[in-house]
Every structure is written in structure tokens, then in C-alpha cells.
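Spelled out from the first residue to the last, the chains are:
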Amino acid sequence: MGKKPSGKNNLPTVNYDTGGLYGAGSSGRTNSFTPTDFQKNLVNSVENAVPQYLQQLVNPRYDSEVFKAQASARNQLANKSFENNLITPLTQRGLTRGSSVNQMSSEFANNLAGLEKQAMSEEDARVSSIVNQLMSLYQIPYNMMSGLQGQNQNLVSMAAQQNAATANNKSQFYNKLLDTAIDGGKAWATGGASLAAK
């Protein structure tokens, strides 16, 4: 007995090409997708960038240029503010004693530590946002391919239905032709009596 072909082998192959805009491929008997250079470069760039940012999230070092620049500006501003707004006016008035300066310095250090903690939290959020943006970009070529393949799969289904309808029509035609030939053969064998009865 012959082996019945699987349903996938009965499907037509429908090719598509977006003219270099979104890629090219085929669906049906074979499925393929050829991305554009833009899509390849986008995926490669994201794949190269993500590991460093994931590492930064897992094991933060706070050594990015953005964080260093912010920390430097914050420290300069805080030191100037402490010196100009507190220490200098008190010293000019002779109101500084060792214990009060120590207390003010301690309060200043606590405030600066709070600012540093806030800056670290903001840096973590910035890095997390970059990872999210990169992963969104990474998804774009997949979404393009999925959309194209989905639309092309609909064309494959329509072509398969058309092929099935054509095969059914041919089968019905040949069955009627065979029935007519059999009726004609019967009529010839009986001398036309069966044709006259119809």
C-alpha cells in the first residue's frame, strides 16, 4: 500500500518579498524568512549591548559616565553650599565651636549619603529602562516576521482551499463522465433500451 502524503506536503508554497522593507520568505510546504540588513544589524546591536546592562543591574558598579558626571556635580554643589551657606557665615560671626562644626559636618555627611543613595537608585532605574528599551527593539524584527508569516499563511490556506476545490470539481467531472460512459455502455449492450427509458 502506498503511503498517504502528510497534510503539509499537500500545501502550496507561497513566497513573499517586501522589496527590502520588511524581509522576504515563504510559507506553506516550506517556511522561511530572510531578514533585511537593518533587522540583522538591529538584532546584533541589541545582542551586543544587553549583556553589559544586565551585568550592571545584577552587579551595579555605578561607573557609567552619566553617573560619574552627576556625582561630581552633586558633590561640588553640596560642598560649595555647605561652605558658603553654613560654615563661612558662622565663622565670620565667631559662632563656630568644635562640637557644633562636628555636628553640622555629620548632618552634611548624612544628607550627602542620602543624595548618593537616591542617585544610585536613579542610576539603577536608568539602566533598567535601557534594558527594557533594548528588549523592545529586539522584538521588532520578530513582530515583523510574525506578521508577514501570518498574512502569508492566510494566502497558503486560501491557495490550499482553492486547490482542494479544483481537485473536487475535477473529481466530480470525471465521476459524471464515468457515469455517462457506463450508462452509454449499458445502453449499447442492451440495444438502446436503457437510454430510451431515461
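Residues numbered from 1 in each chain as written. Predicted model: local features only at pLDDT ≥ 70, side-chain atom pairs only at ≥ 80, totals over all residues. Heavy atoms only, no water.

Along the chain, Gln56 turns up in helix 2 (residues 37–58). Not counting chain neighbours up to four residues away, the residues in contact with Gln56 comprise Arg61, Tyr62, Asp63 and Val127. (Helix = DSSP H or I, 4+ residues; strand = E, 2+ residues; numbered from the N terminus. Contact = heavy atoms within 4.5 Å.)

Here the focus is the confidence of the model for the protein chain. Considering every residue of the protein chain, the mean pLDDT works out to 79; 86% of them sit at 70 or more. Element-level mean pLDDT values for the protein chain span from 52 in helix 5 (residues 193–197) up to 92 in helix 2. In this model, residues 1–5 is a region of pLDDT below 50 whose contacts with residues beyond four sequence positions or in other chains number 1 contact. (pLDDT = per-residue confidence, 0-100.)

Turning our eyes to something else, we now look at the environment of Asn15. In this structure, Asn15 sits in strand 1 (residues 14–17). Of the residues examined, Asn15 reaches a relative accessible area of 59% and is grouped as exposed. Along the chain, Asn15 and Asn31 lie 16 residues apart, while their C-alpha atoms are 9.2 Å from each other. Non-local contacts of Asn15, meaning those with residues more than four positions away in its chain, are made with Gly25, Ser26 and Asn152. (Buried < 20%, exposed > 50% of the residue type's maximum accessible area, 1.4 Å probe, protein only.)

Under the counting rule described, the total for this entry stands at 3 salt bridges. One salt bridge in this structure joins Glu123 and Arg126, with 3.0 Å as the shortest N-O distance. One end of the pair, Glu123, and the other, Arg126, are both in helix 4 (residues 98–189), 3 residues apart, so they sit about a helical turn from each other. Judged by its relative accessible area of 28%, Arg126 falls in the partly exposed class. (Salt bridge = Lys/Arg side-chain N within 4 Å of Asp/Glu carboxyl O.)

What follows deals with the pairing of strand 1. Burial along strand 1 is one-sided: Val14 and Tyr16 are buried, and none of Asn15 and Asp17, which face the opposite way, are. The sheet contact formed by strand 1 and strand 2 (residues 24–27) spans 4 bridges and is antiparallel. The residue of strand 2 that forms the bridge with Tyr16 is Gly25. If you look at the hairpin formed by strand 1 and strand 2, you'll find 6 residues sitting between the two strands, and Gly19 has a positive phi there, around 70 degrees. (Pairing = 2+ DSSP bridges.)

Relative to the 32 Å expected for 22 residues at 1.5 Å per residue, helix 2 spans 32 Å between its end C-alpha atoms, a close match to the ideal helical length. In helix 2, a bend of some 30 degrees at Val50 exceeds every other bend along the element, and Pro51, a proline, comes one to four places later. (Expected span 1.5 Å × (residues − 1). Bend = angle between axes of the 7 residues up to and from the residue.)

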